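Tertiary structure, described
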Amino acid sequence: MVVVLIPSYKPDEKLLTLLNVLSAQDKYAGLLVVDDGGGETYRPIFERAKEIPGVTVVSHAVNQGKGRALKTGINAAMNLYPGADIVTADADGQHTPEDIARVADALEQADGATIVLGKRVFGKGTPVKSFLGNTITRWVFALSTGTRVYDTQTGLRGLPSALLPDMLHIPGERYEYEMNVLLQAPREGAAFLEIEIRTVYENNNAGSHFHPVRDALLVFTRILSFAASSLICFGVDYGAYAVFMEIRGLRPEFAYVGARIVSSLLNFAINRNLVFRAHKGSVWKQFLGYYALVILVMTLGYFGVRLGTDLFNWNSYLVKILVDSLLSIVSFMGQRLMVFKPARHRAIKRAAGGSDGAQKP
């Protein structure tokens, strides 16, 4: 059982055309439209939409953004059609009824833990903004999450019913919400399956609200938060390093190890709960994995500091900064891929069917 959810703000006749075709297909449990506060000018469009068989319109009094409209629609669908999966589509004609049906079919055949994404192919004729934006966010998303998604900006998505309650709690009220869903989904045990769809651009995609720099930064949030966590812990670590050397009189390499032990406890807590949001995993398993990585990084740091101070006679404080900068890359990748990795594809609702579209870089 699938419900088609269409958030809409200031629509035109394309919305009614799409709804009429979807209704005539007699394929869906319901067609749910969210009027995101377009105002009196667009009210006649929504009134006509209500007359189409199978269509329900839910309204916002004022515009609240696409993210809030999607949450409103998801909440309404859960109440009106308990247990139904949802396919989200745009109201501007970018998604064809045939492709919506293909995503719905793939969603029903999947195992209840797979988000189906309509994948546009970016080639000749693709607006430069869309091509560059999706290329940037695709690679940053893979670096940040360890999961490859070709089209991170697609609005045509199949959402399994078992994941819907969690999606109501994902932050974001406007266009960032869709990216936040992709970032959080692997943490909920979901996988991605991408299905190639027709690429439709109206007026060179002039109506797109996608901003490459902004959206790339949204994907980059995990890396930036990791950097912030590392900076905080670096201050603690550097202070302990100075104390161990100046007050306790330890050699630089031993001071390095002692400082890293002190700062690592704080770093573990911040990264587990705020950066990688891996609080659902086994804390003891993560703790052991984290400190195995800490030992590796400390060992590399020990020899790095010793090499810099003894062999090259560099300043011991400068050596620590250089060594820590290089090892921060090792630490991020180790934590993302091994310590705080997402709970991979677990069957949530249906036990069989579908294919796992999640890929690792």
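The structure presented is a predicted model; accordingly, all values stated were derived computationally and were not measured.

**Points about the environment of A76**
Tracing the backbone shows A76 in helix α3 (residues 66-80). For A76, a relative accessible area of 11% puts it in the buried group. Taking the C-alpha atoms as reference points, A76 and V57, 19 residues apart in sequence, are found 9.9 Å from one another. The residues contacting A76, other than those within four sequence positions of it, are L32 and V58.

**Some thoughts on a nonpolar patch on the surface**
Judged by side-chain polarity, L307, L311, F312, W314, L322 and L326 come together as a nonpolar surface patch covering roughly 630 Å² of accessible area. Here F312 lies in the loop between α11 (283-311) and α12 (316-339).

**Examining the nonpolar core**
One finds I6, L19, Y28 and I100 to be the most contacted residues of the largest nonpolar core, which totals 31 residues. Among the elements of the structure, β1 (2-8), α1 (13-25), β2 (30-36), α2 (43-50), β3 (55-60), α4 (97-109) and β7 (191-196) are those that each provide at least two residues to this core. Not counting chain neighbours up to four residues away, the residues in contact with Y28 comprise V2, V4, L22, P97, I100, A101 and A104. One finds L5, V34, L70 and L163 within the second-largest nonpolar core, a separate group that totals 29 residues.

**Focus on the confidence of the model for the chain**
Mean pLDDT over the chain: 83, with 83% of residues reaching 70 or higher. Mean pLDDT across the secondary structure elements of the chain bottoms out at helix α8 (residues 212-219), with 56, and peaks at strand β4 (residues 85-88), with 98. The low-confidence segment residues 204-210 (pLDDT under 50) makes 13 contacts with residues lying over four places distant or belonging to another chain.

**So, the packing of aromatic side chains**
Inspection of the entire model under this criterion finds 11 aromatic pairs. On the numbers, 6.0 Å between centres and 75° between planes, the contact of W284 with F287 is edge-to-face. Within this pair, W284 and its partner F287 are both found in helix α11, separated by 3 residues, close to a single helical turn. With a relative accessible area of 27%, F287 lands in the partly exposed category. Between Y302 and F303 the ring centres are 5.1 Å apart and the planes differ by 90°, which places this aromatic pair in the edge-to-face class. The class of Y302 is buried, set by a relative accessible area of 16%. In this arrangement the basic side chain of K119 is found over the ring face of Y150, its NZ or CZ atom lying 5.4 Å from the centre.

Conventions adopted
- Residues numbered from 1 in each chain as written.
- Predicted model: local features only at pLDDT ≥ 70, side-chain atom pairs only at ≥ 80, totals over all residues.
- Heavy atoms only, no water.
- Helix = DSSP H or I, 4+ residues; strand = E, 2+ residues; numbered from the N terminus.
- Buried < 20%, exposed > 50% of the residue type's maximum accessible area, 1.4 Å probe, protein only.
- Contact = heavy atoms within 4.5 Å.
- Patch = residues over 30% accessible without salt bridge, like charges linked within 9 Å, V, L, I, M, F, W, Y side chains within 5 Å.
- Areas by Shrake-Rupley, 256 points an atom, 1.4 Å probe, with all protein chains shown as cover.
- Salt bridge = Lys/Arg side-chain N within 4 Å of Asp/Glu carboxyl O.
- Core = buried A, V, L, I, M, F, W, Y, C linked by side-chain atoms within 4.5 Å.
- pLDDT = per-residue confidence, 0-100.
- Phe/Tyr/Trp six-rings, centres within 6.5 Å; stacked < 30°, edge-to-face > 60°.
- Lys NZ or Arg CZ within 6 Å of the ring centre and 35° of its normal.

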